[in-house]
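Below are the chains, spelled out letter by letter.
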Amino acid sequence: MPSEQESAGAAVGVGAVGIRPGEADGILAEMPEGDKFCLVAFSDEGLAGSYPDHRPVRYCRDYNVLLQDPAVELVLVDGPVEKRRDFAVRALNAGRHAVLAPPFCEAALDAERVMKTAVRKGLVATMDLPWRADPDLRAVQAALEGENVAAVQGLFSFFCVEEAAGAHPGDGLLERVGMVMLDQMHLLLRADVKSVSAHLQRPAPGAPEDGFFLYLPLRSGGLAVGQASAHAGMGLPRWTLYAARAAFSASGGQAVVRTADQTRTYAAPKAGAGFWENVYSAVRHGADIKCHPADIVRAMKLHEASLRSAELGEPVVI
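A short tour of the structure in this document, coming up. (Residues numbered from 1 in each chain as written. Predicted model: local features only at pLDDT ≥ 70, side-chain atom pairs only at ≥ 80, totals over all residues. Heavy atoms only, no water.)

Side note on the pairing of strand β10 (residues 223–229)
In regular strands, side chains alternate between the two faces of the sheet.
Next, step 1: With six of seven residues buried, β10 is to be regarded as a mostly interior element.
Next, step 2: Of the pairings in the sheet, the one linking strand β9 (residues 211–217) to β10 comprises seven bridges and is antiparallel in character. For L216, the partnering residue across the bridge sits in β10 and is A224.
Next, step 3: Hairpin connection of β9 to β10: five residues between the antiparallel strands, including G221 at a positive phi of 100°. (Buried < 20%, exposed > 50% of the residue type's maximum accessible area, 1.4 Å probe, protein only. Helix = DSSP H or I, 4+ residues; strand = E, 2+ residues; numbered from the N terminus. Pairing = 2+ DSSP bridges.)

Concerning the sheet that holds strand β12 (residues 246–251)
Next, step 1: Reading across from one edge, β14-β13-β12-β11-β7-β10-β9-β8-β15 is the order of the nine strands in this open sheet, with mixed pairing throughout. Taken across any chain shown, the strands that pair with only one partner, and hence form the sheet edges, are β14 (263–267) and β15 (316–317).
Next, step 2: Sheet topology places strand β7 (residues 154–160) next to strand β11 (residues 239–243); four bridges connect them, and they run antiparallel. Along β11, the bridge assignment pairs G154 with Y242.
Next, step 3: Against the sheet, helix α8 (residues 293–312) makes contact with β8 (195–201), β9 and β15, and its axis sits at roughly 55° relative to β8, the strand it touches most. (Contact = heavy atoms within 4.5 Å. Axes fitted to C-alpha atoms, helices over the stretch in contact; angles between N-to-C directions.)

Focus: the state of the cysteines
Next, step 1: Under the criterion given, the structure shown has zero disulfides.
Next, step 2: Free of any disulfide, C38 has its nearest neighbouring cysteine sulfur in C60, separated by 14 Å. (Disulfide = S-S within 2.5 Å.)

Regarding unusual backbone geometry
Next, step 1: A cis geometry characterises the amide bond from P102 onward to P103, with omega recorded as -5°.
Next, step 2: Along the chain, the position of P103 falls in the loop between β5 (97–100) and α4 (108–121).
Next, step 3: Phi is positive for R190, close to 45°, though the residue is something other than glycine.
Next, step 4: Relative to the helices and strands, R190 resides in the loop between α6 (173–189) and β8.
Next, step 5: The class of R190 is partly exposed, set by a relative accessible area of 48%.
Next, step 6: The phi angle at R245 is positive, at roughly 65°, despite the residue not being glycine.
Next, step 7: With respect to the element layout, R245 can be found in the loop between β11 and β12.

Details of the packing of aromatic side chains
Next, step 1: Summed over the entire model, instances satisfying the criterion amount to six aromatic pairs.
Next, step 2: When the centroid spacing of 6.0 Å and the interplanar angle of 80° are considered together, the rings of F37 and Y280 count as edge-to-face. Taken together, the residues span a long stretch of sequence, with F37 in strand β2 (residues 37–43) and Y280 in helix α7 (residues 275–285) at a distance of 243 residues.
Next, step 3: On the basis of relative accessibility, which here comes to 1%, the residue F37 falls in the buried class.
Next, step 4: Between Y63 and F87 the ring centres are 5.2 Å apart and the planes differ by 75°, which places this aromatic pair in the edge-to-face class. Of the two residues, Y63 sits in helix α2 (residues 63–67) while F87 sits in helix α3 (residues 84–93), which places them 24 residues apart along the sequence. Accessibility classification places Y63 together with F87 in one group, the buried group.
Next, step 5: The cationic tip of K36 hangs over the ring face of Y280; the distance from NZ or CZ to the ring centre is 5.5 Å. (Phe/Tyr/Trp six-rings, centres within 6.5 Å; stacked < 30°, edge-to-face > 60°. Lys NZ or Arg CZ within 6 Å of the ring centre and 35° of its normal.)

Rendered as C-alpha cells:
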C-alpha cells in the first residue's frame, strides 16, 4: 500500500463487490464516506444484467482486477449470498480486510472458512450486529461486569419480535430472529452449549409460527431458555439470569441485581464506538474488532442447529 494510506489520518481505501452504485448499493449504502472511508473501485461480479452506465469510481468487471488495485485496503462484500464466502476469502488472501453484508455467508461452515482465513492472515473479517446495541442487553452486561460474575448458571430470555433490531425476512419467526436471539444469549453465557432444542408455537396446524422456545443445556452445567413471540405486552422481563448468590433481571434499559441482602441497579452504559468507527480503528490502528467472526460463526452454528431441531422434533448436539 502507498505510505500515505498507512498514515493515521488517511481514509481507508474501499473496494466493493456485488454492488452497483446508484442502482444496487447494498452494503455500500451503510458505509459512511468521508474522512474515514473512501470508495475507490467496485465490481458487479455476481450480479445479473448489463454493466452500469453510472461509474462514480473505477469499475472492474473482473473482481480479481479490483483486488490488484493497491488503493483498495478494505472490501465490502455483497451480492448473492452463495458467493459471499468466495468473495471474502479472495479478498483476505489478497491481503484486504473484508466487511460482509448480512447474512455473513450461506452456511456456518462457509463463515468458518472466512474466519479462519482472516485469523491466519491477521486481517479483519466482520459484519455489523446491530442487535448488540440493545439497551437491555448492555445493561445486563454492565451488571455482570460490575458484580464480577464468573459464570451464568441459568438464563431466560424473552424476545419480542416486534422490537427486534437486525431481524431479516425469512420463512418463519425462528428463521427471521433466531440468530439475533442466540448471539445475544451467547454474549451473556460465554459458555459452550451442549445441544439446542427448538419448539415452535403455531396458532393453527400448518400456520407459520408466531413464537418459539429454545432450550440450551450448557456443557459446564446450567440451562439457557429463550422465548420469542410476535405478541408484545406479555409483561415478562427481557432478561433473567442466575449466578452464584445473585439473580439478575433487565428491562426498560436497566438491570436489577438481587442478592441475599442487597439490591443494586445498573443502567445501560452510553454506547461506545459505532460499527464503522470500530472497523476504521481496527484497520488503521489494530484495535480489537467488536463483531468478531468467531462470534458470528458461533451464532450461525447455533441458529442452524435450532432450525434443524425444529425440523426433526428433537435436540441437535453442537
